[in-house]
Amino acid sequence: MGKIAIIGGTGVYDPSILNNTEEVRVETPYGTVCAVAGEYKGKSVIFMNRHGEGHSIPPHKINYRANIWALKDLGVDRILATAAVGSLNVAMAPRHFVFPDQYMDFTKSREATFFDGGEEGVIHTDMTEPYCPQMRAAMKKAAAALSRTSHNGGTYVCTEGPRFETPAEIKMYRQLGGDLVGMTAYPEVALARELGICYATVAMVTNYGAGISENHLTHEEVLAMMDRFSADIRRLLLYTIEELPETRDCICAVTPGSM
Ligand code: HPA
């Protein structure tokens, strides 16, 4: 079994959920990455903080390629990513967990592939099932065991940020079939697939999208919500790690070009 990585997003910064931790530094073709390596119940787990020290890196400046490359280099074959999200779907209420099965990309400026042409030629990656179904099933089981409302499936709309959306944008995303809105799923999910790593997101709904919510949105409100439920998120992550079967039975490992 390969290692499991937790990519901690907004409000999930603490690697102390793991035992026997040590800091690791990985040099990649895209830059140097720091993470924490540790263990949970005999499984090797890497913890990576997506937004860097003190939540200093905004979503559009995250070095997604370096992060995912480093995880591959460390022997990771499954990534559990956390995300604070706004909801466009009234059935997915604040405090609910959602495990998305689809995404839509509305980002504008991000380096989104390892396949830039050159010697490898042109490679197109299949994205029919971008989020690992085996990992989503384990998360669903974990949420049920913790008596938490969760939704297995949903479409995550990834925006460029760092600003929140206008009500008009939220209306458009809803009409297009979006359920959640956030700023970090893409290109993380696609890069993981390019390297044959399973990827799943634990999305915590912190608010309804602009215009659905009657209030103006603030980052502080998102942080406060994540803070209030950080113990639940931690429990969900650890339970999921326990639940994950030893072997992967999904399509995620089929790397592009090998199909
Ligand atoms: N929009 C974008 N990202 C978010 C939101 C939102 O409403 N809430 C938490 N992350």
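Since we're looking at a predicted model, the values are computed, not measured. (Residues numbered from 1 in each chain as written. Predicted model: local features only at pLDDT ≥ 70, side-chain atom pairs only at ≥ 80, totals over all residues. Heavy atoms only, no water.)

Student: Would you explain the pattern of salt bridges in this entry?
Tutor: Should their charged atoms come close, side chains of opposite charge can pair. Counting across every chain of the model gives 11 salt bridges. Among the ionic pairs, R95 bridges to D232, the shortest N-O distance being 3.6 Å. With R95 in the loop between β5 (76-87) and β6 (97-99) and D232 in helix α6 (residues 230-243), the pair connects residues that are 137 residues apart, well separated along the chain. Judged by relative accessible area, D232 falls into the buried class, the value being 14%. With a closest N to O distance of 2.9 Å, R163 and E169 form a salt bridge. When salt bridges that share partners are traced, they join R95, R148, D232 and R235 into one network. (Salt bridge = Lys/Arg side-chain N within 4 Å of Asp/Glu carboxyl O. Helix = DSSP H or I, 4+ residues; strand = E, 2+ residues; numbered from the N terminus. Buried < 20%, exposed > 50% of the residue type's maximum accessible area, 1.4 Å probe, protein only.)

Student: Quick question: what am I supposed to make of the site of the ligand here?
Tutor: Residues in contact with the ligand, as listed here, are A84, V85, G86, F164, E165, V181, G182, M183, T206, N207, L217 and V222. A84 has a polar backbone atom sitting 3.2 Å from a nitrogen atom of the ligand. With respect to the ligand, the side chain of E165 contributes an N or O atom lying 2.8 Å from a nitrogen atom. Within the complex, the protein chains bury 95% of what would otherwise be the 260 Å² of accessible surface of the ligand. For the shell around the ligand, the secondary-structure elements that each account for two or more residues are β5, β10 (180-182) and β11 (198-208). The leading source of residues in the shell around the ligand is β5, at three residues. Along the lines of polarity and charge, the residues of the shell around the ligand split into seven nonpolar, four polar and one charged. (Near = heavy atom within 4 Å. Polar contact = N/O pair within 3.5 Å; in protein donor to acceptor, adjacent residues only side chain to side chain. Areas by Shrake-Rupley, 256 points an atom, 1.4 Å probe, with all protein chains shown as cover. Nonpolar A, V, L, I, M, F, W, Y, C, P; charged D, E, K, R; others polar.)

Student: Is there a simple way to explain helix α4 (residues 185-194) in this structure?
Tutor: Since one α-helical turn is 3.6 residues long, residues separated by three or four positions face the same way. Buried residues dominate α4, accounting for 10 of its 10 residues. Buried residues of α4: A185, Y186, P187, E188, V189, A190, L191, A192, R193 and E194, and no others.

Student: Just to check I follow, could you spell out α6 for this structure?
Tutor: Spanning 14 residues, α6 covers 20 Å between terminal C-alpha atoms, matching the ideal 20 Å at 1.5 Å per step. Within the span of α6, buried status applies to S230, D232, I233, L236, L237, L238, T240 and I241. (Expected span 1.5 Å × (residues − 1).)

Student: Explain the pairing of strand β3 (residues 31-40) to me, please; I cannot follow it from the model alone.
Tutor: For a regular strand, side-chain orientation follows a simple rule: the groups alternate between the two sheet faces. Both strand β2 (residues 19-28) and β3 contribute to a ladder of eight bridges, which runs antiparallel. Looking across to β3, one finds that R25 is bridged to C34. Taken together, β2 and the strand that follows it, β3, pair antiparallel across an intervening segment of two residues. Bridge count between β3 and strand β4 (residues 43-49): five bridges; the pairing is antiparallel. Its bridge partner being in β4, A37 is matched across the sheet by I46. In this structure, the hairpin formed by β3 and β4 is closed by a connection of two residues, where K41 is found at a positive phi of approximately 50°. (Pairing = 2+ DSSP bridges.)

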